[in-house]
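Each chain is listed here by its residues.
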Amino acid sequence: MGTGVPASEQTSCAKGDPQASCPENGTEAVQVTDCPIPEDSPPQHEQGYSSAEDSGQLMASYEGKAKGYQVPPFGWRICLAHEFAEKRKPFNANDISLSNLIKHLGMGLRYLQWWYRKTQVEKKKPFIDLINSVPLRQIYGCPLGGIGGGTITRGWRGQFCRWQLNPGMYQHQTVIANQFTVCLRRRGQTVYQQVLSVEHPSVLRSWNWGLCGYFAFYHALYPRAWTVYQLPGQNVTLTCRQITPILPHDYQDSSLPVGVFVWDVENEGDEALEVSIMFSMRNGLGGEDDAPGGLWNEPFCLEHDGETVQGLLLHHPTPPNPYTMAVAARLSADTTVTHLTAFDPDSAGQQVWQDLLLDGQLDSLAGKSLPSQKGVGIAGAVCVSGKLPPRGRHRLEFSLAWDMPRIMFGAKGQVYYRRYTRFFGPDGDAAPALSHYALRHYADWEEKISAWQSPVLEDRSLPAWYKSALFNELYFLADGGTVWLEVPEDSLPEELVGSMGQLRPLLQEYGRFAYLEGQEYRMYNTYDVHFYASFALIMLWPKLELSLQYDMALATLREDLTQRRFLMSGVTAPVKRRNVIPHDVGDPDDEPWLRVNAYEIHDTGDWKDLNLKFVLQVYRDYYLTGDQCFLRDMWPVCLAVMESEMKFDKDHDGLIENGGYADQTYDGWVTTGPSAYCGGLWLAAVAVMVQMAALCGAQEAQNKFSSILSRGQEAYDRLLWNGRYYNYDCSSQPQSCSIMSDQCAGQWFLRASGLGEGDSEVFPTQQVVRALQTIFEFNVQAFAGGAMGAVNGMQPRGVPDTSSVQSDEVWVGVVYGLAATMIQEGLTWEGFRTAEGCYRTVWERLGLAFQTPEAYCQRRGVPPPAYMRPLSIWAMQLALQQQQQHKKASGPISKRGTGLCTRPKHGPKEAMANPSPE
């Protein structure tokens, strides 16, 4: 490996041997820590369910004593040596029953024709690629980067492995050269040099790979993460703290494309120590974007306000979205910053390794590198060095920034500027300033993060898994292919803007926001799913939620009469009708906002839930923000979409009917006639229209919707309530009496909006509670031993509904919304128990951290991971917050006579204080 250590003196890392020694005589005596899995390692059994509020089996392999420097007690923690016992594959045709395959045969054939035309003729990527699923990899950790500027995910073992620099387009590729390396020196000689990676790659073979994972662990509490390394035989502990500026109610720093790495080095020995950390980074990812060559690096130094930052700029001028990456470090009185401008990341890496080994520093040649040749890679490195006294601690600080200010989407039809250019300029030369700003302000960011998270983390009534889930699921707001863009004055259509007075000033002040339905479901702002996820946005960045709502209103008033053949039915219809909420605002591989409805499976102009979800979200957003201008602007749009919805009440009984196909967010689950889900959303939306009409002084509309509500309530109760729950639908099929976990979605939104009880009651409280208890008994407790959340559909005889490809799935975001509903109705213990199953399954059993999927089954493959809907966990937080506010306002509340369960003593006792102060 080129380390200069005789084979007889190399020491292997074995479990239970953290004090392996290393010779200290000679200039190149460096410990090698090859780490085989010891034979006495306990089995990594992850399939059982545990209610223990700790990391359980994820840390069972950890043999170190080190706890790290200021690592918090709550979060997702895993030993770097952990291996997940259960390894699922992506969902494919083999996971579909024969009966369901037959039902979807026509759709499958049409999809294959469409897929061939899209990929082979148009040379584009399908918005959903069912042929080439990305393999499931149990490797991901906290992403780097603020909202809307692109993200880089660093895995829990330290690898840089998921990239979203081009807007909305993901590259799942581990770049081997992107590493941190530690060098320790005593008495002027290098005694230990190690890449902080458990990998054994085929490139850079002169480097010392194979870190012993049994003495290191990772801890994530988004937007921060900690990795703790206990270095065998060295009496040294390294704690790397990763920080990203995700700051609620902040609309400047939260947009920055930066991440900070703070290394706290603890010398636990009795001898002085010199420590160096080298951060190496490849220019590009080593793929086809790099192949033409022309990439180049150069050193930089920026001094401002008494702070100096030094590092390397990695210029990647490939069109259409060129960018510059900056790897930088803070220079202080007790640190030295050096660099290596260029090396070949596909070589053995001897030059770099020996350069660092010699004196713990890099050669720091001045000047730019030559542009890379065609097919030849280029990388660079920055090193920070410092000295530690015996029993001392030293801090070394790095930043990673990327500047891609000007972007074009796949159609290359329009130029956009990212949000952060408002503060750092649009010229593509901001990487040094971004680096300097990040290193100077990260301590302020951490204070704000702590102030935001502490009320939750310090609330002893909340379970530990919930504290981890609540914050870690937020990763998707930044890492959902997210864009946050400036809105030029001339880009808004005058004829539509005129009726919405606050549209122009809000979009121009706060920008335009979009995130994908899923990293592999490439549609921006998928609205039927955003209905669930929107709680995170309205609670933490409410102006972005209002911006999205204005965008959706604009799209609603437009039409696109281009004819399209839809894949499920084969029917041809317009892409977008006027006065109907679009499914999404477009595909990042096309031209979002200009061409909406990238979804081609169903004609969503006939979906029953989209219009209703807009009305419900408008009122909830008004209720939580108090923005009366927003409500007035949205009122005409709400009237228009409800008028469009009226046609689905064919018998004029005040209740809409589903159309006998999958015409709502469950797009593989057929619904016929009046249904629990869409009928409940309809009644809730009508009730909200009554409230909005009163607020807007529209007496005629108020009377109209009050009449519809009265008739609809009677029909809903008569047609669907069976004494224990609301039937799935009114078809003649056996599944019509299925117990749907999402049947109370309308009530969920009413209660979140301050309605749904007392004078504003729509669904009788005792029936709602009884339905929730039935769901808990059947969909939760009777499914997978109560350990996997709530299955979407359960037959009343206690077996999952297998009538569709979705009815026997667990949808994580739906479960979090269900848990919130339970909390709202006083079933707090049941709510936490229900949601816990999803967290334990996804994060601890399946190993899908920071890629929470839309769905999973008890045994089958997993649909594409990293999905929008699980952000609905913030609805649980809102329910807890409102519960506590209600208690404060009314004092002790006697238990209602609704048969509520007795809570175990370890269940949550009370809600938390407002976690999101302005």
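Since the model is a prediction, treat every value here as computed from it, not as a measurement. (Residues numbered from 1 in each chain as written. Predicted model: local features only at pLDDT ≥ 70, side-chain atom pairs only at ≥ 80, totals over all residues. Heavy atoms only, no water.)

Colleague: I'm lost on the sheet that holds strand 4 (residues 160-164) in this one. Help?
Modeller: The 4 strands lie next to each other as 2-3-4-5, forming an open sheet whose pairing is antiparallel. Single-partner strands in this sheet number two, and they are strand 2 (143-144) and strand 5 (171-172). Relative to strand 5, strand 4 runs antiparallel, the two being bridged by 2 bridges. Looking at the pairing, Arg-162 lines up with His-172 of strand 5. (Pairing = 2+ DSSP bridges. Helix = DSSP H or I, 4+ residues; strand = E, 2+ residues; numbered from the N terminus.)

Colleague: Could you clarify how one ought to interpret the pairing of strand 12 (residues 273-282) in this entry?
Modeller: Side-chain positions along a regular strand alternate between the two faces of the sheet. When you tally the buried positions in strand 12, you get 9 out of 10 residues, the bulk of the element. Here strand 6 (residues 179-186) runs beside strand 12; their pairing, made up of 7 bridges, is antiparallel. Bridge assignment links Leu-184 to a residue of strand 12, and that residue is Val-275. Relative to strand 17 (residues 379-388), strand 12 runs antiparallel, the two sharing 10 bridges. Bridge pairing in strand 17 links Ser-276 to Ser-385. (Buried < 20%, exposed > 50% of the residue type's maximum accessible area, 1.4 Å probe, protein only.)

Colleague: Quick question: what am I supposed to make of the packing of aromatic side chains here?
Modeller: We describe a pair of aromatic rings using the distance from one ring centre to the other and the angle between the two ring planes. The final tally for this structure, using the stated rule, is 63 aromatic pairs. Taking 5.3 Å as the distance between ring centres and 85° as the angle between the ring planes, the aromatic pair formed by Phe-531 and Tyr-532 counts as edge-to-face. Classification of Phe-531 by relative accessible area gives buried; the value is 0%. When the centroid spacing of 5.6 Å and the interplanar angle of 65° are considered together, the rings of Tyr-599 and Trp-607 count as edge-to-face. Comparing Tyr-599 with Trp-607 shows no difference in burial state: the two are buried. Positioned above the aromatic ring of Trp-593, the side-chain terminus of Arg-512 is 5.0 Å from the ring centre. Sitting above the plane of the Tyr-532 ring, Arg-869 keeps its charged end 4.8 Å from the centroid. (Phe/Tyr/Trp six-rings, centres within 6.5 Å; stacked < 30°, edge-to-face > 60°. Lys NZ or Arg CZ within 6 Å of the ring centre and 35° of its normal.)

Colleague: For this particular structure, what's the right way to read the UniProt feature "domain: Glycosyl-hydrolase family 116 catalytic region" (unreviewed entry) in the protein?
Modeller: Following the UniProt record, the feature "domain: Glycosyl-hydrolase family 116 catalytic region" (unreviewed entry) maps to residues 511-876 here. A distance of 28 Å separates the end C-alpha atoms of residues 511-876, which is 45% helix and 10% strand. (UniProt positions renumbered as here; feature names shortened; annotations may be inferred.)

Colleague: Would you mind showing me how to read the environment of Asp-403 here?
Modeller: Along the chain, Asp-403 falls in strand 18 (residues 393-403). Judged by relative accessible area, which is 1%, Asp-403 ranks as buried. It is 54 Å that separates the C-alpha atoms of Asp-403 and Tyr-716, two residues lying 313 residues apart in sequence. Beyond its immediate sequence surroundings of up to four residues, Asp-403 is in contact with Pro-322, Tyr-323, Thr-324, Tyr-420, Gly-428, Asp-429, Ala-430, Ala-431 and Leu-434. Side chain to side chain, Asp-403 and Tyr-420 meet in a polar contact 2.5 Å long. At 3.2 Å, the side chain of Asp-403 forms a polar contact with the backbone nitrogen of Asp-429. (Contact = heavy atoms within 4.5 Å. Polar contact = N/O pair within 3.5 Å; in protein donor to acceptor, adjacent residues only side chain to side chain.)

Colleague: Would you mind going over the nonpolar core with me for this structure?
Modeller: One recurring pattern in soluble globular proteins: nonpolar side chains tend to sit buried together. One finds Trp-76, Trp-263, Leu-400, Phe-614 and Trp-874 to be the most contacted residues of the largest nonpolar core, which totals 279 residues. The element contributing the most residues to this core is helix 14 (residues 676-695), with 15 residues. Both domains that meet at this core, namely domain 1 (76-85 + 135-451) and domain 2 (487-888), each give it at least three residues. Those residues in contact with Trp-263 that lie beyond four places of it in its chain are Phe-180, Leu-196, Tyr-229, Leu-238, Thr-239, Cys-240, Ile-277, His-394, Arg-395, Leu-396 and Phe-398. Judged by nonpolar contacts, the second largest core, of 16 residues, contains Leu-204, Trp-207, Leu-340 and Val-352. (Core = buried A, V, L, I, M, F, W, Y, C linked by side-chain atoms within 4.5 Å. Domains from an automatic or database assignment.)

Colleague: Would you mind going over the pairing of strand 25 (residues 560-565) with me for this structure?
Modeller: Of the pairings in the sheet, the one linking strand 25 to strand 26 (residues 572-576) comprises 4 bridges and is antiparallel in character. Bridge pairing in strand 26 places Arg-564 opposite Ala-573. In sequence, strand 25 turns back onto strand 26 through a hairpin of 6 residues, with Gly-570 there showing a positive phi of about 80°.

Colleague: Even after reading the chapter, I still don't get the side chain of Thr-239, so can you show me in this structure?
Modeller: Relative to the assigned elements, Thr-239 resides in strand 10 (residues 236-243). Within the structure, the side chain of Thr-239 is placed 2.9 Å from the backbone nitrogen of Tyr-69, a separation counted as a polar contact. Excluding its chain neighbours within four sequence positions, the residues that come into contact with Thr-239 are Gly-68, Tyr-69, Val-71, Trp-226, Thr-227, Val-228, Val-262, Trp-263, Asp-264 and Glu-266.

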